[in-house]
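Residue strings, one per chain:
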Amino acid sequence: MADTPTKVPLATTTLGSSVASYTFSSIPSTYTDLILVAWIAPTLGTGTSIMAVKLNSDTTNYSGTGLLGTGTAVQSSRYTGLSGLPIAGYNNGSGTGNINIICHFQNYSNTTTYKTMIARADNASFQTEASVGLWRKTPEAINSIQIYNYGGVNLTAGSTFTLYGIL
Amino acid sequence: MGMAEFLISSVTVGAGGASSIDFTSIPSTYTDLRLVVSLRSGSSGTSRGLSFTLNNDAGTNYSTRYFYGYASGVTGGSTSSSTDMYSGLYGGTSYGANIFSNIEIYIPNYASSNNKSVSVDSASENTSSTNYIGFWAGYWAQTSAITGISLKGSLAFIPNSTAYLYGIKNS
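This is a predicted model, so every value here is computed, not measured. Counting from 1, residues in each chain are numbered in the order their sequence is written. Chains and ligands are labelled by the order in which they are written, letters from A for the one and numbers from 1 for the other. Local features are withheld for residues below a pLDDT of 70 in this predicted model, meaning they are given only at 70 or higher, and side-chain atom pairs are given and counted only at 80 or more; totals for whole chains, interfaces and linings count all residues.

Secondary structure elements follow DSSP: runs of H or I no shorter than four residues count as helices, runs of E no shorter than two count as strands, and numbering proceeds from the N terminus. When you go through chain A residue by residue, the secondary structure sums to zero helices and twelve strands. The secondary structure elements of chain A, listed N-terminal to C-terminal, are β-β-β-β-β-β-β-β-β-β-β-β. Considered along the principal axes of its C-alpha atoms, chain A spans approximately 45 × 35 × 30 Å. For chain A, with 167 residues in total, the buried portion stands at 43%. For every residue pair, C-beta atoms are placed from the backbone, and the pair is scored as a contact if these atoms sit within 7 Å. Taking the intrachain contacts of chain A between residues at least 6 apart in sequence as the baseline, contacts between residues at least 24 apart amount to 79%. With C-beta atoms placed from the backbone, a residue is labelled by how many other C-beta atoms lie within 10 Å of its own: buried for 20 or more, exposed for 12 or fewer, partly exposed between the two.

This is how it looks when you write it as structure tokens:
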């Protein structure tokens, strides 16, 4: 029996310059799940904000729950009413920490259920996180994922984003 | 389209146990690395800390932030200027028979010229209340491509502990 690939790279990019957001568009509906892997280079700007994703350009209908450890505290949080799904804290001022983000979108292509996402995000100079998100728009297949900073800070040049489809 | 993930190498600890599990000569032809381990310590302790070094670097170049939950609470912490990467917890002989702990280590852009960041999920379920689930963020302040990973337990890994190293391609 021939090996059948179950994890397939759909698209990847390395940012050549600082940009406000990056979008995977025209995502085919031929897979079961999606995995987004992001590596965010040490950042420009100052302050603390969060990384988030918008699905199909929708700016409402999101909620989620997260756990995080800062090194000195462990916290949980619940959010609703944001313009995207938060996936990671973002310590813009540290200058030392890369951020790893891995997001799993389950059953992304059906038109019968709300969509769920499990995410991990790690920055060893800031915090480590695990979160779950729910997109509660009238069910539709996810065909685009926009990654952006909720506080408006640009994504740093050199950051990489890859989207995988899971059969 | 092609496959994304490939088995690079695997180790199964043999009779007598092992004080470390080593992967060497890791090719730079992938984008990310994923290391999946199943471990148990030969010691009587309830849990042991796993750590690893990269490229046999014993300098003070490793840092982490982490938290984990157990039967009755949560706790967390950090390490800095360490000589290895603290990266999870695994059980010893006080765990129920045949129970091994699972730890997954993900390293994106391992062959790049940037400092490396690491994500770790660690899970140790048990038949008693001594169990853990936790998350680690790691950082290696070195720009070399990763060519070697050495897992080190605070006490030896027992036979049938396993480690599988996968390479992931993004195109």
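That covers the picture; the talk isn't over yet.
Time to look at the overall build of chain B. For chain B, the helix and strand inventory stands at zero helices and twelve strands. Listing the helices and strands of chain B from first to last along the sequence gives β-β-β-β-β-β-β-β-β-β-β-β. It is over C-alpha atoms that the radius of gyration is taken, and the globule rule equals 2.2 Å times the number of residues to the power 0.38. At 16 Å, chain B has a C-alpha radius of gyration in line with the 16 Å of a compact globule built from 171 residues. By principal-axis analysis of the C-alpha atoms, chain B measures approximately 45 × 35 × 35 Å. Of all 171 residues assigned to chain B, the portion counted as buried reaches 45%. For chain B, the proportion of contacts with a sequence separation of at least 24, taken over those separated by at least 6, is 79%.

On to the interface of chain B and chain A. In many reports, interface size means the accessible area that the parts give up when they come together. Each partner contributes to the interface: chain B provides 31 residues, whereas chain A provides 28 residues. Elements with a contribution of two residues or more to the side of chain B that touches chain A: strand S5 (62-70), strand S6 (73-82), strand S9 (116-124) and strand S10 (132-140) of chain B. As a working rule, the residues Ala, Val, Leu, Ile, Met, Phe, Trp, Tyr, Cys and Pro are called nonpolar, Asp, Glu, Lys and Arg charged, and the rest polar, with Gly in that last group. Of the residues belonging to the side of chain B that touches chain A, the class tally is twelve nonpolar, 15 polar and four charged.

Buried Ala, Val, Leu, Ile, Met, Phe, Trp, Tyr and Cys residues form a nonpolar core when they are connected through C-beta atoms within 7 Å. Within the largest apolar cluster, 81 residues are counted, with the highest numbers of intra-cluster contacts made by Ala38(A), Ile87(A), Ile101(A) and Cys103(A). With residues near it in sequence (within four places) discarded, Ile87(A) still touches Met51(A), Ala52(A), Val53(A), Ile101(A), Cys103(A), Ala119(A), Ala121(A) and Ser131(A).

With that out of the way, let us pick up the sheet that holds strand S12 (residues 160-166) of chain A. Consider a sheet: its strands pair through backbone hydrogen bonds, and that pairing is either parallel or antiparallel. Residues and elements named next belong to chain A. The strand order S1-S12-S3-S8-S9-S10-S5-S6 describes an open sheet built from eight strands, whose pairing is antiparallel. Every interior strand has two partners, whereas the edge strands, strand S1 (7-14) and strand S6 (74-80), have only one. When strand polarity is set aside, the average angle formed by the axes of neighbouring strands in this sheet is 15°. Two strands pair if DSSP finds at least two bridges between them. Inter-axis angles, ranging from 0 to 180 degrees, are taken between N-to-C directions of lines fitted to C-alpha atoms, where helices are fitted over the stretch in contact.

Further remarks concern the confidence of the model for chain B. Note on scores: pLDDT gives the predictor's confidence for each residue, bounded by 0 and 100. This prediction gives chain B a mean pLDDT of 93; 99% of its residues lie at or above 70. Per the prediction output, this complex has pTM 0.94; the corresponding ipTM is 0.92.

Turning to the environment of Pro86(A), a few remarks are in order. All names here are of chain A. Counting through the fold element by element, proline 86 comes out in strand S7 (residues 85-91). Exposure remark for proline 86: the 23 C-beta atoms within 10 Å place this residue in the buried category. Between the alpha carbons of proline 86 and asparagine 149 there is a distance of 9.1 Å; along the sequence they are 63 residues apart. Sequence-distant contacts of proline 86, that is, excluding residues within four places in its chain, are made with Ile50, Ala52, Gly64, Tyr79, Ser131 and Tyr150.

Position of Ile99(A) relative to the elements: it lies in strand S8 (residues 99-106). Owing to 31 C-beta atoms within 10 Å, Ile99(A) belongs among the buried residues under this scheme.

All names here are of chain B. Across the sheet, eight strands lie side by side as S1-S12-S3-S8-S9-S10-S5-S6; this open sheet has antiparallel pairing. Of all strands in the sheet, those with a lone pairing partner are strand S1 (5-12) and S6, marking the two edges. In this sheet, adjacent strand axes meet at a mean angle of 15° when their direction is disregarded. Pairing of S5 with S10 involves eight bridges; the strand directions are antiparallel. Each bridged residue has a counterpart across the sheet, and for glycine 69 the counterpart in S10 is isoleucine 133.

A separate point is unusual backbone geometry. For Asn56(B), which is not a glycine, the phi torsion comes out positive at approximately 60°. You can see Asn56(B) is positioned in the loop between strand S4 (48-54) and S5.

Turning our eyes to something else, we now look at the pairing of strand S8 (residues 101-107) of chain B. All names here are of chain B. Most of S8 sits inside the fold, with five of its seven residues counted as buried. Relative to S9, S8 runs antiparallel, the two being bridged by five bridges. In the sheet register, isoleucine 105 faces S9, and the bridge partner there is valine 120.

A few words on the environment of Thr65(A). The topology assignment puts Thr65(A) in strand S5 (residues 62-69). With sequence-adjacent residues up to four places away left out, Thr65(A) is seen in contact with Ser76(A), Arg78(A), Ser131(A) and Val132(A).

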